[in-house]
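Residues per chain, in single letters:
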Amino acid sequence: MPKTIPFIRASSMMPMINWLRAQGRPVQQRLEAVDLAYYPLENPLTVLPLFNVAALFRDMGQIEGPDIGCRVITENSLLDLAGLGKVLLGASTPRESLTRAVAVMPYHCLSEHFQIFDEGDRLRFVEGWSVTLDAETLHITQQYVAALAARLAGLAERRQALLDRVEL
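## With respect to the nonpolar core
One recurring pattern in soluble globular proteins: nonpolar side chains tend to sit buried together.
So, point 1. Core analysis: the biggest nonpolar cluster contains 42 residues, and Met-13, Ile-17, Leu-31 and Tyr-144 have the highest contact counts within it.
So, point 2. Elements with a minimum of two residues in this core: α1 (14-22), α2 (27-33), α3 (50-64), α6 (83-89), α7 (94-108) and α8 (135-154).

If you want it as structure tokens, here you go:
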């Protein structure tokens, strides 16, 4: 089986970067600590080494607290994801958005995988990795994806719970 180079687009960490800026945190210092400071982050399509981005997430958890993956997600986070966010927001239902996420994820990151399963009137959304991430990093990335999925689901105008269970 051929091996792939683990990469991820710069847009994947923009909600994290924007949160740092909004909180007055030292963005450049945090990027330097994980060897990402020299990448052109203003271009959301910039390809970044996945393990460096994962290190940023892990470091954020150690510095800001273990729930940082959830706290950084705001009403603008889907737009922060640039092209990926526009694809998701262009759908008419959360189900369609998540279906689109599964389809476009290989253009965003080859090592992260989404699956959706129809379960009657419910939908199960599963995120996984084809690379090994340490437990601390995995926990933060899973929170981050769950919070983004919750934000996406929250855009729907329904009067029932949109997420009835989250497992990490």
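## Some words on unusual backbone geometry
Peptide bonds are, in most cases, trans, and in most cases residues other than glycine have a negative phi.
So, point 1. One non-glycine residue, Asp-35, lies in positive phi territory at about 60°.
So, point 2. Take Asp-35: its relative accessible area is 40%, and that puts it in the partly exposed class.

## Concerning the environment of Phe-57
So, point 1. Topologically, Phe-57 is positioned in helix α3.
So, point 2. Distance from Phe-57 to Thr-137, taken between C-alpha atoms, is 6.4 Å for residues 80 residues apart in sequence.
So, point 3. In contact with Phe-57, other than residues within four places in its own chain, are Ser-12, Met-13, Met-16, Ile-140, Thr-141 and Tyr-144.

## Points about the pairing of strand β4 (residues 122-129)
So, point 1. In the sheet, strand β3 (residues 112-119) pairs with β4 via eight bridges, with the strands oriented antiparallel. Residue pairing for β4: Gln-115 is matched across the bridge by Val-126.
So, point 2. What sits between the antiparallel neighbours β3 and β4 is a turn of two residues, in which Gly-120 has the positive phi angle 70°.

## What to know about the packing of α1 against α3
So, point 1. The contact between α1 and α3 brings their axes to 11 Å, and the two run at 35°. Pair α1 / α3 crosses with left-handed handedness. In this structure, α1 uses Met-16, Ile-17, Trp-19 and Leu-20 to contact α3, whose residues at the interface are Leu-56, Phe-57, Met-60 and Glu-64.

## Here's the deal with α3
So, point 1. Counted at 1.5 Å a residue, the expected span for α3 with its 15 residues is 21 Å, and the 21 Å between its end C-alpha atoms agrees.
So, point 2. With 11 of 15 residues buried, α3 lies mostly within the body of the structure.
So, point 3. What α3 keeps buried is the set Leu-50, Asn-52, Val-53, Ala-54, Ala-55, Leu-56, Phe-57, Asp-59, Met-60, Gly-61 and Glu-64.
So, point 4. Phi turns positive, to about 120°, at Gly-65, one or two residues after α3.

## Brief notes about the side chain of Gln-143
So, point 1. Within the secondary structure layout, Gln-143 lies in helix α8.
So, point 2. Residue classification places Gln-143 among the buried residues on the basis of a relative accessible area of 5%.
So, point 3. A polar side-chain atom of Gln-143 sits 3.4 Å from the main-chain amide nitrogen of Gly-69.

Reading the values: rules and limits
- Residues numbered from 1 in each chain as written.
- Predicted model: local features only at pLDDT ≥ 70, side-chain atom pairs only at ≥ 80, totals over all residues.
- Heavy atoms only, no water.
- Core = buried A, V, L, I, M, F, W, Y, C linked by side-chain atoms within 4.5 Å.
- Buried < 20%, exposed > 50% of the residue type's maximum accessible area, 1.4 Å probe, protein only.
- Helix = DSSP H or I, 4+ residues; strand = E, 2+ residues; numbered from the N terminus.
- Contact = heavy atoms within 4.5 Å.
- Pairing = 2+ DSSP bridges.
- Axes fitted to C-alpha atoms, helices over the stretch in contact; angles between N-to-C directions.
- Left-handed = near helix turned anticlockwise from the far one by under 90°.
- Expected span 1.5 Å × (residues − 1).
- Polar contact = N/O pair within 3.5 Å; in protein donor to acceptor, adjacent residues only side chain to side chain.

Purely geometric stuff here, so don't read any function into it on its own.
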